[in-house]
2 protein chains.
Amino acid sequence: MSDSTGALDSATAVLRDAILGGQRRALARAITLVESTRGDHRKRAGALLAALLPATGRAIRIGISGPPGVGKSTFIEAFGGFLTGLGHQLAVLAIDPSSARSGGSILGDKTRMEALARNPRAYIRPSPSGGTLGGVARRTREALLLVEAAGFDVVIIETVGVGQSETAVADMVDLFLLLAQPASGDDLQGIKRGIMELADLVVVTKADGALVPAANRAAADLRLALHLMRPKTPAWRPQVLTASAVAGAGLDQVWGAIQGFRAAMAGAGELDQLRRGQASRALWREVQDGLADALRRHPGVAALAAQLEARVSAGEITPGVAAERLLERFLGPGGA
Amino acid sequence: MSDSTGALDSATAVLRDAILGGQRRALARAITLVESTRGDHRKRAGALLAALLPATGRAIRIGISGPPGVGKSTFIEAFGGFLTGLGHQLAVLAIDPSSARSGGSILGDKTRMEALARNPRAYIRPSPSGGTLGGVARRTREALLLVEAAGFDVVIIETVGVGQSETAVADMVDLFLLLAQPASGDDLQGIKRGIMELADLVVVTKADGALVPAANRAAADLRLALHLMRPKTPAWRPQVLTASAVAGAGLDQVWGAIQGFRAAMAGAGELDQLRRGQASRALWREVQDGLADALRRHPGVAALAAQLEARVSAGEITPGVAAERLLERFLGPGGA
């Protein structure tokens, strides 16, 4: 199936070598390429990715999320500085399906994390502008592979927590880190439903000065909450830590926990299994998204779909009947 | 679009009238009809459901789940007896994608809830045997409409908690009730990840005798855990109660909370909105499932799919490229 990998044209081969050489400019160009939806760009991106895949998979992939105001950028800036201080090469990708931001966002994301943006061991890539979550997720997954090929050994994927973006991120990283507020159970944490379930590690931020007691109370509350739930994997029981970006406190414990997680998962052979599962789920999600798009683009289906959806929500026909009629229109009598 | 509702043949018209008359035999026959996957049965089921839809939607729809050993059947048996004692007509449906049980399950489910099975105001329908979750969910949603048309004003949909069945149930009911163990945070509750997020009401079971203190501790823990999460809707803050099926204690509070939930949601106009949303989501889920099935049945696609999935999990090609190639094979060069 040589066509699947595609023979590399010379320009793409040059791009591949430049990325393997860790050249930032080439990396940026390649990420722009995988972000493109143009057919010829997609083909070239596919060939490039296929050529780079052997050089991917070596980084620890960390997803980071948290409610608004939790101090995500501040934490990533501080934690990133800590990691590069240890000699790591850090890439930070953002996933934001809501974002209609263009090139301007580069400035946006970089000013959010000024020091990290100036840090030679760090690479910050702003979120690709808008589109469906499926599209954004695919582009982010491919950008993740590119930064790995470029030699970054720690990759942070930040989610702004729009729609199902946390679930998408959790399904493309090794470890999902949830940031929480130093607020006790009496005041609502505002953690989005379904998110705590994804967490392998919870870090209560702003644990400095007068907020230390509140941060410790919040950590205890969160430990209890997590304790009520069945662990995601037998190899790892989610942990709750406190940290302070300002005081730089607790960052070493956070990194220690992440390494502990990775060791436990790798030891149990679960890390590899996790990543294989993520890849095949991604395949089927993309197939489903593609099918849904094709259906919506199909002449005659779009109009019928709108009409049927209205009648379904009005309770005039059942979803089952409406679905059968849409499929029949799209696939033809035989197909449905 | 008369073809969508379909002109009722006389047999179906008779069936419709018998169901509207509350005849159990006819109801059972109709549920068997919607469970059938035969094309002509599906058509007839669609026509029957369309004819009955005006008589649906009057029941309060309650989903019930909980970890193994929590005493689900015992609770439903006691709560069901309490409800019929108040004069309600109760239907209990079970959703179990894992179930390969045939007619034998009728006995199975009925012996699980002996008193309820003998109760003239209650109707217990065993879970349809196996199949994909999508198929089971569709059949359960349609059975729910049938029992509503037959005049049952309280419908309980029980999930055995296999795979994503809780999520499917939560998206077809008004209120999702989670049963929990009288165990404190020190011993793991074993609540499946992602389930607490679905709960509108949590009931700690076995709150009698020596277990009362443990039940109260568990209730406090669960209240705290729920308190950390953003509410599903502004109209309702999830509640945690304790109950004892054996002692019949707390059942009135559970029913009171359910009525309170319904009043709050109806008052805020959210109940109608919730149900409309559920119906259109169901439509698109069924369309997606149907498309995925058609793709897997497509000659030449199945083989390619297996091959590509293997290479994707082996990290030889990216999910994006594999998805594009599958879609191209299925829809043709133009479609993808």
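This part is about the environment of Leu251 of chain A. All names here are of chain A. Along the polypeptide, Leu251 turns up in helix H11 (residues 251-267). Its relative accessible area of 4% is what places Leu251 among the buried residues. The contacts of Leu251, once residues within four sequence positions are left out, are Phe75, Ala78, Phe79 and Phe82.

Bringing the confidence of the model for chain A into the picture now. All names here are of chain A. Averaged over chain A, the pLDDT score is 87; the fraction of residues at 70 or greater is 89%. Of all secondary-structure elements in chain A, the lowest mean pLDDT belongs to helix H1 (residues 2-5), at 43, while strand S7 (residues 239-242) reaches the highest, 97. Confidence over residues 1-5 falls short of pLDDT 50; this stretch has 13 contacts with residues more than four positions distant or in other chains. Counting contacts from residues 100-107, a segment whose pLDDT is below 50, to residues more than four positions away or on other chains yields 10 contacts. Across the assembled chains, the prediction reports ipTM 0.80 with pTM 0.82.

To continue, consider the sheet that holds strand S5 (residues 175-180) of chain B. Pairing between the strands of a sheet is mediated by backbone hydrogen bonds and can be parallel or antiparallel. All names here are of chain B. Pairing in this open sheet of seven strands is parallel, and the strands run S3-S2-S4-S1-S5-S6-S7 from one edge to the other. This sheet does not close on itself; its edge strands, each paired only once, are strand S3 (122-125) and strand S7 (239-242). Between one strand axis and the next, the sheet turns through 20 degrees on average, direction left out of account. Of the pairings in the sheet, the one linking strand S2 (residues 90-95) to S3 comprises four bridges and is parallel in character.

All right, on to the sheet that holds S7 of chain A then. Residue and element names in this part refer to chain A. Strand order in the open sheet made by the seven strands is S3-S2-S4-S1-S5-S6-S7, with parallel pairing throughout. The open sheet is flanked by strand S3 (122-125) and S7, the only strands paired with a single partner. This sheet shows a mean twist of 20 degrees between the axes of neighbouring strands, independent of strand direction. By the bridge criterion, six bridges tie strand S2 (residues 90-95) to strand S4 (residues 154-159) in an arrangement that is parallel. Across the sheet, Val92 pairs through a bridge with Ile156, a residue of S4. Across the face of the sheet, helix H5 (residues 72-85) comes into contact with strand S1 (60-65), S2, S3, S4, strand S5 (175-180) and strand S6 (201-204) while running at roughly 180 degrees to S4.

About the cut-offs
- Residues numbered from 1 in each chain as written.
- Chains lettered and ligands numbered in written order.
- Predicted model: local features only at pLDDT ≥ 70, side-chain atom pairs only at ≥ 80, totals over all residues.
- Heavy atoms only, no water.
- Helix = DSSP H or I, 4+ residues; strand = E, 2+ residues; numbered from the N terminus.
- Buried < 20%, exposed > 50% of the residue type's maximum accessible area, 1.4 Å probe, protein only.
- Contact = heavy atoms within 4.5 Å.
- pLDDT = per-residue confidence, 0-100.
- Pairing = 2+ DSSP bridges.
- Axes fitted to C-alpha atoms, helices over the stretch in contact; angles between N-to-C directions.

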